[in-house]
Amino acid sequence: MRLGWIGIGRMGYEMSARLAKGGADVTVWNRTRAKAEPLAALGAKVAADITELAACDVVFVMVSTWKDVEAVVSAMLGGQAPAKPKLLVECSSISLEGSAQLRATLRERGIDLLAAPVSGNAKVIKAGKLSFVCSGPRAAYDAALPFLRMIAPAASYVGEGELARIVKICHNVFLGVVTQSLAEITVLAQKAGVPRHAFLAFMNDSVMGSTFSRYKTPAFVNLDFKVTFTPELLRKDLDLGLDAARRFDVPMPLASITRDVVQTMMGRGMVDQDFAQLLVLQAQASGIALSPENVPVDDGLAPA
Ligand SMILES: NC(=O)c1ccc[n+]([C@@H]2O[C@H](COP(=O)([O-])OP(=O)(O)OC[C@H]3O[C@@H](n4cnc5c(N)ncnc54)[C@H](OP(=O)(O)O)[C@@H]3O)[C@@H](O)[C@H]2O)c1
């Protein structure tokens with residue numbers, strides 16, 4: 001099987017690296033070629049032109065938004081060569097409508113689509129803890145599964161069509177709301193006199209602790225906001241959630257407020273660092289200045 005990979009950003013790099021390290025025959029393409037080049041040392045081929053990927057059997061896509069997915073897929077299939085992949089595995093977090101439109105476009109070309117968004121950031125991928133949620137034809141899932149397993153230990157099949165998209169959208173609405181809530185209670189505890197590391201150590205060991213609260217603890221304690229996921233991408237996912245909520249007549253008051261808090265963070269110029277800067281915004285709103293506690297804390301993500 002010849003595999004192709006389009007989109008070597010934070011996520012695409014680590015995901016395709018796992019395929020290359022696992023010995024797969026993978027050709028990668030990125031708009032900014034320099035980001036893809038280090039993958040050559042792991043055994044990947046770096047394509048000079050996106051149309052080269054049309055000759056692969058299975059092509060993965062991991063870019064930012066639906067508009068970007070549309071652009072790269074049409075560029076890949078726009079060349080003169082008659083080649084086309086049998087299967088496209090689309091991993092970006094996009095809308096149900098965008099995914100359905102992609103499926104229809106690909107169906108006309110005789111290409112199957114597996115919708116396969118993921119849960120976890122780049123460090124989670126390295127730690128071997130990423131998970132896929134997939135929908136589309138069952139046969140497409142079965143065909144992709146050996147490669148999904150090389151990237152992540154967990155892959156769930158939730159049914160036909162675009163169902164995986166709504167699962168991922170719900171997941172990221174929860175991510176935003178939980179992060180904002182964690183920021184609020186951490187600042188409350190700190191303002192009342194509890195150091196953040198002590199508060200979060202307790203939370204992480206309590207029934208409310210989670211893989212997520214543990215891996216955000218170093219950022220909250222030591223204020224390391226190196227980006228894992230940008231505020232802009234989180235705002236996109238909250239907007240996708242609110243669009244779906246309108247479509248299905250579901251009130252989502254917490255998601256609405258969280259979307260506006262993320263927008264406020266962006267309006268204050270917090271755009272280039274991690275979305276965990278919600279903590280900083282909360283501290284500003286509470287009239288306190290944060291400083292790093294410089295306490296070593298485990299993020300629970302030691303590589304498997
Ligand atoms: N980061 C996370 O924790 C996380 C977790 C789960 C899901 N996701 C989702 O995964 C997707 C990728 O996220 P990421 O964090 O990897 O983002 P990222 O680091 O910003 O990477 C985005 C990638 O998309 C490419 N791209 C964007 N627009 C393009 C266009 N019009 N044409 C060609 N290439 C384009 C970029 O190319 P350039 O390098 O040339 O800019 C880059 O390779 C998003 O849908 C995000 O919501 C992210």
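Along each chain, residues carry numbers from 1 onward, in the same order as the chain's sequence is written. Local features in a predicted model are, by the rule used here, given only for residues with pLDDT of at least 70; side-chain atom pairs are given and counted only at 80 or more, and totals for whole chains, interfaces and linings are based on all residues. As a convention, hydrogens and water are excluded, and side-chain values are obtained from all of the structure's heavy atoms.

A look at the overall build of the protein
Each helix and strand counted, the protein has 12 helices and 9 strands in total. At 20 Å, the protein has a C-alpha radius of gyration in line with the 19 Å of a compact globule built from 304 residues. Looking at the protein residue by residue over its 304 residues, the buried ones come to 50%. By definition, residues are in contact when any of their heavy atoms lie within 4.5 Å. Considering only intrachain contacts with a sequence separation of at least 6, the fraction spanning at least 24 residues in the protein is 67%. Values of accessible area rely on a 1.4 Å probe in the Shrake-Rupley scheme; residue burial ignores everything except the protein chains shown. For the protein, the accessible surface area stands at approximately 13800 Å², while carbon and sulfur atoms represent 58% of it. When charges are tallied, Lys and Arg are placed among the positive residues and Asp and Glu among the negative ones, while His and the ends of the chain are skipped. The atoms used to mark charge sites are NZ of Lys, CZ of Arg, CG of Asp and CD of Glu. Positive and negative side-chain charges in the protein, numbering 32 and 29 respectively, have mean positions lying 3 Å apart. Numbering of helices and strands starts at the N terminus; helices are DSSP runs of H or I of at least 4 residues and strands are runs of E of at least 2. In this setup the radius of gyration rests on C-alpha atoms only. A globule is expected at 2.2 Å times the number of residues raised to 0.38. Categorising residues by exposure relies on relative accessible area from a 1.4 Å probe, with only protein chains included: less than 20% of the type maximum marks a residue as buried, more than 50% marks it as exposed, and the intermediate range marks it as partly exposed.

Digging into the packing of aromatic side chains
Ring geometry is summarised as follows: Phe, Tyr and Trp rings, the Trp one being its six-membered ring, pair when their centres sit within 6.5 Å, and such pairs are stacked at plane angles under 30 degrees, edge-to-face over 60 and tilted between the two. Within the structure shown, the criterion is met by 4 aromatic pairs. Ring plane angle 10 degrees and centroid distance 4.8 Å describe the contact between Trp5 and Phe60, whose orientation is recorded as stacked. With Trp5 in strand E1 (residues 2–6) and Phe60 in strand E4 (residues 58–61), the pair connects residues that are 55 residues apart, well separated along the chain. A single burial state applies to Trp5 and to Phe60, both of which are buried. Where Phe212 meets Tyr215, the ring centres are 5.4 Å apart and the plane angle is 75 degrees; that geometry is what we call edge-to-face. Of this pair, Phe212 and Tyr215 are both found in helix H9 (residues 211–222), 3 residues apart, which corresponds to roughly one turn of the helix. We count a charge as sitting over a ring when the NZ of a lysine or the CZ of an arginine lies within 6 Å of the ring centre and within 35 degrees of the ring normal. In this structure, Arg138 is placed above the aromatic ring of Tyr157, and the distance from its NZ or CZ to the ring centre is 4.8 Å.

Some words on the pattern of salt bridges
Salt bridges are counted wherever a side-chain nitrogen of Lys or Arg sits within 4 Å of a carboxyl oxygen of Asp or Glu. Applying the stated criterion across every chain, the model contains 15 salt bridges. Glu97 serves as the salt-bridge partner of Arg247, at 2.7 Å between the closest nitrogen and oxygen. In this pair, Arg247 is assigned in helix H10 (residues 231–247) and Glu97 in helix H4 (residues 96–108), connecting sequence segments 150 residues apart. A relative accessible area of 48% places Arg247 in the partly exposed class. On the basis of relative accessible area, Glu97 is assigned to the partly exposed category, the value being 44%. For Arg103, the salt bridge identified is with Glu162, shortest N-O distance 2.6 Å. You can see Arg103 sitting in helix H4 and its partner Glu162 sitting in the loop between strand E9 (154–159) and helix H7 (163–191), a full 59 residues away along the chain. As far as burial versus exposure is concerned, Arg103 and Glu162 are alike and both buried. Three or more residues joined by partner-sharing salt bridges are found here, namely Asp239, Arg259 and Asp260.

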